Amino acid sequence: TLGNLGFVIVGLIIFARLGLDEADGRDRTNRFIGQTPLSVLYASAVVFLGPGSMVMHGTHTFFGAWIDNVSMVAYNLIPWLLNLSIMGRWSHRALFTVYGSVLAAYAFGYWFFGSDLGIGLDLFGVSIGLWIISEVLYRFWSPTMRWASGFVGFVVAAVFGILPTDMLAAPGEYWWVILFWLPGIVATTAPEGRRRYTPWFWAGIVFFFTAYAIWLTGTNDHELCRPDSIVQAHAIWHILTAGAAGS
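Residues numbered from 1 in each chain as written. Predicted model: local features only at pLDDT ≥ 70, side-chain atom pairs only at ≥ 80, totals over all residues. Heavy atoms only, no water.

The next thing to look at is the pattern of salt bridges. A full pass over the atoms with the stated rule returns four salt bridges. In this structure, Arg 89 and Glu 192 form a salt bridge, with 3.9 Å as the shortest nitrogen-oxygen distance. Residue Arg 89 is located in the loop between helix 3 (62–87) and helix 4 (92–113), and its partner Glu 192 is located in the loop between helix 9 (182–186) and helix 10 (200–216); the two are separated by 103 residues in the primary sequence. Accessibility expressed as a relative area gives 42% for Arg 89, which makes it partly exposed. Residue class for Glu 192 comes out exposed when judged on its relative accessible area of 67%. With its nearest N and O atoms 2.7 Å apart, the salt bridge here joins Glu 135 to Arg 195. Of the two residues, Glu 135 sits in helix 5 (residues 123–139) while Arg 195 sits in the loop between helix 9 and helix 10, which places them 60 residues apart along the sequence. Relative accessible area serves as the criterion here: at 25%, Arg 195 is assigned to the partly exposed category. Put simply, Arg 17, Asp 21 and Arg 26 are held in one network by salt bridges that share partners. (Salt bridge = Lys/Arg side-chain N within 4 Å of Asp/Glu carboxyl O. Helix = DSSP H or I, 4+ residues; strand = E, 2+ residues; numbered from the N terminus. Buried < 20%, exposed > 50% of the residue type's maximum accessible area, 1.4 Å probe, protein only.)

Attention now moves to the packing of helix 1 (residues 5–24) against helix 11 (residues 233–246). Relative to each other, helix 1 and helix 11 sit at 20 degrees, their axes nearing to 8 Å. It follows from the interaxial angle that helix 1 and helix 11 lie roughly parallel. For the crossing formed where helix 1 meets helix 11, the hand is right-handed. On the side of helix 1, the interface is formed by Gly 6, Phe 7, Val 10 and Ile 14, while helix 11 contributes His 238, Thr 241, Ala 242, Ala 245 and Gly 246. Split by residue class, the contact of helix 1 with helix 11 holds five nonpolar, four polar and no charged. (Axes fitted to C-alpha atoms, helices over the stretch in contact; angles between N-to-C directions. Parallel < 35°, antiparallel > 145°, perpendicular 65-115°, else oblique. Left-handed = near helix turned anticlockwise from the far one by under 90°. Contact = heavy atoms within 4.5 Å. Nonpolar A, V, L, I, M, F, W, Y, C, P; charged D, E, K, R; others polar.)

With that settled, the discussion passes to the packing of aromatic side chains. Summed over the entire model, instances satisfying the criterion amount to 27 aromatic pairs. The interplanar angle of 55 degrees and the centroid separation of 5.3 Å between the aromatic rings of Tyr 42 and Tyr 75 together place this pair among those described as tilted. Here Tyr 75 lies in helix 3 and Tyr 42 lies in helix 2 (residues 37–59), a separation of 33 residues in the sequence. The two residues Tyr 42 and Tyr 75 agree in class, both being buried. Here the guanidinium or amino end of Arg 195 rests over the ring plane of Tyr 138, the centre of that ring lying 3.8 Å away. (Phe/Tyr/Trp six-rings, centres within 6.5 Å; stacked < 30°, edge-to-face > 60°. Lys NZ or Arg CZ within 6 Å of the ring centre and 35° of its normal.)

So, in structure tokens, the structure goes:
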């Protein structure tokens, strides 16, 4: 539970950085510099991850699980919807409308139908794939890449242990793979300019996968799981993923 303070601290650091951007009059070469609606949304989502997860770990109630998952989806929607908004030439209003609508639908669906929304969909997990797919498409956009980008999703799924053979064996369970082509459908135009991925993007990747490797050691069936230890693998997962969010 206390490990979730990492998200709150990192979120507040982001808010402080945005305030310094404003005070210094830094040029807004992108929408994450200064106190823009998007940067404030992102910082707020990072902070929200902290209490959302705290409630779940501290209470072990349905409400706790619900608010924890809502907070994770509130964060995870931002990067891939932003990419789609850029390549789809959405207005700011359209981006925030889609974001709010998807998040509200998820919160409603989880509350009334369960974590899979009653349709076998793990939106948080799928959003990780959609983010990487949209990022690849952003970097290498072309008419051919629009349809080929969906195959990147299978690579992402494999990293998390879901292989194409699993999907072929149970197509009804893994129907959501069709969403891998959503970025290609929406991304009708090439993005303007190029992003610099060094060092922060790669730092975030290192933080996340280090955290994921440690998280695996804290599961019930792992030999290193020590539920009575002061140092908890899941707490380290929280702290390192907070670092990823801040990257």
